2 protein chains.
Amino acid sequence: MKENRVIGKSIPRLESGDKVTGKLQYLEDVKIAGMLHGKILRSSVPHGKVLKIDASQAEKLPGVVAVLTRDDVTDNSHYDSHYGPVFKDQTIVALDKVRYVGDPVAAVAATRPEIAEEALERIEVEYEELPVVTDPEEAVAEGAPILHETLLLPEQGFADLKDVRPLEGTNICNHVHIEKGEVENGFAESDHVFEDRFSCPPTQHATLETFTAIARFEPSGKLTLWSTTQNPFVIRDQIAKIFHLPLSRVQVIVVNIGGGYGSKLYPKLEPIAVALAHKTKRPVGITLNREEVFQTLTKHAARIYLKTGVKKDGTILARQCRIYLDTGAYAEIGPRVLNKSAYGAAGPYEIPNVMIDAYLVYTNRAPAGAFRGFGLTQATWGHECQMDMIARALKMDPVELRLKNLLDDGGEFITGERLNFLGMKECLVKTASAIDWDTKSVAQDSTKVRGKGLACFIKATLTPSISSATVRLNEDGSATLYVGSVDIGQGSDTVMAQIASEELAIPMDQISVVRSDTDSSLYDLTTSSSRTTFHMGRALQLAAQDVKKQLACMVAPIFQISPEDVVFENQSVKSGEGQDFSYQDLLVKHYGIRGANLVGRGVVKTSTINEKGEHQHSAFWVAGTGAAEVEVDKESGLVRVLHYVAGADVGKALNPLACQGQLRGAAITGLGQALLEELVYEEGLLINPNFFDYNLPRFLDLPEKMTTVIVERPNPNGPYGAKGVGETGLIPVAPAIANAIEDALGVRITELPITPEKVFQALQEKEARERQEATVSRTP
Amino acid sequence: MKENRVIGKSIPRLESGDKVTGKLQYLEDVKIAGMLHGKILRSSVPHGKVLKIDASQAEKLPGVVAVLTRDDVTDNSHYDSHYGPVFKDQTIVALDKVRYVGDPVAAVAATRPEIAEEALERIEVEYEELPVVTDPEEAVAEGAPILHETLLLPEQGFADLKDVRPLEGTNICNHVHIEKGEVENGFAESDHVFEDRFSCPPTQHATLETFTAIARFEPSGKLTLWSTTQNPFVIRDQIAKIFHLPLSRVQVIVVNIGGGYGSKLYPKLEPIAVALAHKTKRPVGITLNREEVFQTLTKHAARIYLKTGVKKDGTILARQCRIYLDTGAYAEIGPRVLNKSAYGAAGPYEIPNVMIDAYLVYTNRAPAGAFRGFGLTQATWGHECQMDMIARALKMDPVELRLKNLLDDGGEFITGERLNFLGMKECLVKTASAIDWDTKSVAQDSTKVRGKGLACFIKATLTPSISSATVRLNEDGSATLYVGSVDIGQGSDTVMAQIASEELAIPMDQISVVRSDTDSSLYDLTTSSSRTTFHMGRALQLAAQDVKKQLACMVAPIFQISPEDVVFENQSVKSGEGQDFSYQDLLVKHYGIRGANLVGRGVVKTSTINEKGEHQHSAFWVAGTGAAEVEVDKESGLVRVLHYVAGADVGKALNPLACQGQLRGAAITGLGQALLEELVYEEGLLINPNFFDYNLPRFLDLPEKMTTVIVERPNPNGPYGAKGVGETGLIPVAPAIANAIEDALGVRITELPITPEKVFQALQEKEARERQEATVSRTP
């Protein structure tokens, strides 16, 4: 077999140099001629009726071109008032109600941002405050204030959300129920039953770049929308529907993105920007400040009740799980997040009896949406903590307990299907080995203790889905790639260039990737769910192969060989017997004139029915393991991660450096979520919506050592066997650290984040308990 | 046969409303963040050695970021100093010599345009003046100053210019020689031989929009170039070569164009803008003022010597022609213009013996390049004036003389090939009828006389050439069109939308045409030569048919019919037996998920070998006739065009309104060239480089009545039979008017423009001659 030329090589990201030197432009740097600046007035109350909005004083301010209020939005024949990716529960600006502090109430377009800002203060709004609920379990309790009286379903939803089940008259906007076997029988047969509660707070994506949208209507009526989105085609689709435009008249352009992590998937400020552009007939740009980003999208807080029945030897017989995800005031893509949480709740284990009930609940907090890991992080926090608690109770080694129950190639998932191309076991074993699992780590200092912990999971990717790509072979034999997926910093453009370079035998520096633009790229469903390499990479590979096929058909008659026998090397077609043409010369020869170029197409669609006609929950499976070695200061409760190992089955590492980068970056985010991060609400008001008060990991918080373990269990449907790695590194971090802390200290923290206070207090309680037990045992 | 739904309908141009309301943005309106403003220092002498350039004082001016001089350009490893579409005779800025007043010598990039302007004044340049030549015949004479000592040919020239023949050591940079039969025998057999000289002055395109270029290097090294070009792919190719970039790293974007007429085809200010962006590492925009446009490109002045031998009955036996075209200081695309002039010099007549020699000559004037009509206007000025002079001498009706010799379907062209799909005769006859040829027109006022004249021609299109298009069917059944050709006001986008609408059964308002952008569109050779409808229209039709084929293959198995039997109607596929799917529903059904779109491709390439393997000079032939009725004021020599008829064989009028618009607009330009326009040089200095002193037609100069005659002789290779009409209206105007003046007054003007002074003086001379003849005849 021919050796790969660029695939599997650690090629630095194409744009890295420009990023570290600060040269790269982001959307906030882009100014459109004649652009007005938009600012959004947001609700100051967490729940209320909007009694009155008076914008007349704002409109009088010189430089203010328009104020957008519910008066513009209601009964407007040019656009809809309601929208949303799953339910039409959002409105462009508030109509009769506001549902959280930060809910958009009005917007101003002015010639300068400061004027728009000043105008906001002149808009008078009167509210009648309503009872507030900010806890998902309180929100489902009898008598809780209801946020949405009715829910509108969109005409055409996502294919994977056909069964979304809101519970009318409650705050539950989706309920997922999964059953396998007879869970009660399982518990009855078990030697031990464990019941625990775990919780995760709401957190924030904390992308360095905030959100920007610039909307411009051409005089012809065509809308150009620049957006900091990970999902240009979804934005195009949603905006076209809201504003009653054919897709041919909406172009969404994405420039460089400063981090997404799931926060930039669905419409946010875009409908307001477009409505302002529509009203003013001028381009309008809006950039959110940091506080507004905190008010725009968060990660779902979770409450997880986990009940697991095991035999004495550690075999898990039954698992029941109840999950509440707090989706805030609007569902956003929460129903899908809930789905992923529910299907991940039993963990990467083969369990005969399972019952899962997951609820997505409205509360008066900022909307929660996708977050790297997509609900799996919360689910994994539950089952991976409990696995160690079970191991401890059974006095088993946690790795041994996991291996005993682990799902691997051929194992049966909770849906009843058999899993394929899954390197879970190899990943677990190698990660354990990398943290030197069998060696006890000892602190130098007597006030400190050390421990090790690990956690593992498998994750599905969004299925069904679709990606399409085109590759243009230029007149000079260079290539231009068109991909609708967005390089949000994960390095996908580099990987796409590698795939094209490999397939077409064109050097990397002759390849350009066109930035995502719905006019120049074919459809891609989404840049999320660790799906880009698998889907778009494969689509691109097919597109490149389509170009090769065209070239082969051109040259085969000249070479007098079959098209299949044409060899591609060094930007040339070769007969294998000494004849060759550079691509450039072949195009000239074929068309009789310089200037012809070629375009190749590739489409990848995945389905919930596999090639054999069987149901499949996911087009591919990701397996990951995290292992942590920690040192805990017993006097302060401070946890320091000495060594962190991120292990992943990536199918095939197309670019090992990029895989490592993804794993490390994700693990650091996970570390923040494990130890530091929490959105703190007081009476419905978020009190830390900024980077001073919201505790992100600093460089000094990072592990002293980080290791990555890359397992390659190829999936034949991915390009060169590649699967995905975008989310893997994040998901197991918190339970791995919590397990290491228990290993070190013997205390169990079940509520994230694991702050020094919680550790210290747990240690105090443990010592008090031990003292008491000692007293009791000393008592005759 | 099914009736066309939108083809053949007079649909107003898509952008007309935005143009007349002033809403449309042109490139001068576009500002790029961080953009510097460039200005060009131009030579003040018509010919000279550059002894010294000192930019140090300019560089010190606050706000000046860079000055570009020959020091930057010479031996620069990042780019070439020389460039040009046919010869590399141009330099980015002057090296050792300047060759005309206006030759770029240096350029400044500054934070504000006024600063750049001021900096220009601080650049010291010393010249050693050299002898000047501004007349093409003087320039070929012995001892004339030579402008270019050597000529560099580019590595890869245009396919149609393989045989370009410069005469080393002279100012002749191309010589075309055409021979058919034995011209001397032809003259010997003739009853009459006519020898005449005709001349045309240099003129200007006078586009309302001047030239703008904005160059920006991405940090990655990719170049984005916004340009007011009619030829984005040629600009991309040339700039890539000059700046040593693969085509994948050069993107040329064209926004709305305010008129081209051939002036915006090849690099002009673009290399300077790119070199400044390269030096400053910032975006640089340059907009030329009106005077600079006059200094940048003009139309070739011509001197034509025509010798024609005829029999008594009017049969032309021989024609010999010598043409000198003045290409100014640089050849630009002059060699192709010369070619067209030479092949058009014998006119639309079947002549057994022909010899043509055409010379392209350097002089110390602004470069001359393409101009609507591409050398045909000059050639037609010669032969169509002489035809009437012959008719007058033979006392034949000019129409009858033409019809006797006319080339029509099946006639033999000077290349020896037979012409097809040519409606020359029908066009001539119908145009003559429209001007009411057989009725003598009489002036009301005794100081005025009236006359009628006409002129006709056939024109080739650039062959070989290539155009490619893509059509995207969007997820909702709307369509987006990608065409590399540029709508320069001729209405091509509207026609493309009509073709797609017709083929795909999609309403016009669901179709968008993406503006020309080399990244999003496939290759198109050029927007010129009346070629867009024929080439790009057909490519687009093929692309739309490719989409239909894909849809048919998807639905045929569902309908259980053959793909060929699928019916396309109302954005739907139908079985013809009651089954149907909207495009949108079919895509969802086929892919199992919303979001798939399709792309169809179409490529048209033409060759100098036709389908039968015979040589063809042109992929299609345009035939045109112009007829004028004029009134001449004998006391002032003032000519007023009372009625002008523009006749054209367009193959098929896809949009009759657009054809009429093209014919009328072109005829008005022709009227300016006939009666008003001339660039006036004094000692190498152009003295009327502005719209005050350069005499363009005003509304009051327009004919009182204008009529269009549209003949449809379909060419099966064009979309629905369409050929082209962009240049047709202009070419015959001047000789038609000159012939009408002779009809009215009996005087013949052979030098354009036909000013009142020339008419008055010719009349005076005629009357003096008549008086003298009368005196002679009265003398016994």
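Shown above is the structure to which this text applies.
Residues numbered from 1 in each chain as written. Chains lettered and ligands numbered in written order. Predicted model: local features only at pLDDT ≥ 70, side-chain atom pairs only at ≥ 80, totals over all residues. Heavy atoms only, no water.

*Asks:* Talk me through the packing of aromatic side chains; I want residue IDs and the actual numbers.
*Replies:* Residue and element names in this part refer to chain A. Enumeration according to the criterion identifies 22 aromatic pairs over all chains in this entry. A ring pair is formed by Phe158 and Tyr266, whose centres lie 6.0 Å apart and whose planes are at 80°; its orientation type is edge-to-face. Highlighted residues: Phe158 in the loop between helix 5 (136–140) and strand 9 (172–180) and Tyr266 in the loop between strand 13 (250–253) and helix 8 (270–280), separated in sequence by 108 residues. Taken together, the aromatic side chains of Phe294, Phe691 and Tyr694 make up a single cluster linked through ring pairs. (Phe/Tyr/Trp six-rings, centres within 6.5 Å; stacked < 30°, edge-to-face > 60°. Helix = DSSP H or I, 4+ residues; strand = E, 2+ residues; numbered from the N terminus.)

*Asks:* Before we move on, could you go through the pattern of salt bridges and cite the residues and values that matter?
*Replies:* Residue and element names in this part refer to chain A. Enumeration according to the criterion identifies 89 salt bridges over all chains in this entry. Close ionic contact of Lys264 with Glu209 constitutes a salt bridge, the shortest N to O distance being 2.9 Å. Of this pair, Lys264 sits in the loop between strand 13 and helix 8 while Glu209 is found in the loop between strand 10 (192–200) and strand 11 (212–217), placing the two residues 55 residues apart along the sequence. Of the two residues examined, Lys264 and Glu209, each falls in the buried class. Residues joined in a network through salt bridges with shared partners are Asp135, Glu137, Arg197, Arg303 and Glu751. (Salt bridge = Lys/Arg side-chain N within 4 Å of Asp/Glu carboxyl O. Buried < 20%, exposed > 50% of the residue type's maximum accessible area, 1.4 Å probe, protein only.)

*Asks:* Any details on the relation of the copies chain B and chain A? Residues and values, ideally.
*Replies:* Expressed as a screw operation, the relation of chain B to chain A combines 0.1 Å of axial shift with a rotation of 179°, fitting to an RMSD of 0.1 Å. This pairing of chains is accounted for by a two-fold axis. The position closest to the rotation axis in chain B is occupied by the C-alpha of Ser520 of chain B, lying 2.5 Å away. A shared binding surface is used by both copies, with 100% of the interface residues of chain B retained as interface residues in chain A. (Least-squares fit on C-alpha atoms with pLDDT ≥ 70 in both. Contact = heavy atoms within 4.5 Å.)

*Asks:* Now, about the sheet that holds strand 10 of chain A: what can you tell me, with residues and values included?
*Replies:* Residue and element names in this part refer to chain A. Reading across from one edge, 9-18-17-16-10 is the order of the five strands in this open sheet, with mixed pairing throughout. Here the strands that pair on one side only, and so sit at the sheet edges, are strand 9 and strand 10. Geometrically, the sheet is characterised by an average inter-axis angle of 5° between neighbouring strands, direction not taken into account. In the sheet, strand 9 pairs with strand 18 (residues 353–362) via eight bridges, with the strands oriented antiparallel. Residue Glu179 lies in a different strand from strand 18, and its bridge partner there is Met355. Most of the contacts of helix 10 (residues 334–344) go to strand 9, to which it runs at about 25°, and overall it touches strand 9, strand 17 (316–328) and strand 18. (Pairing = 2+ DSSP bridges. Axes fitted to C-alpha atoms, helices over the stretch in contact; angles between N-to-C directions.)

The analysis is restricted to geometry; functional conclusions fall outside its scope.
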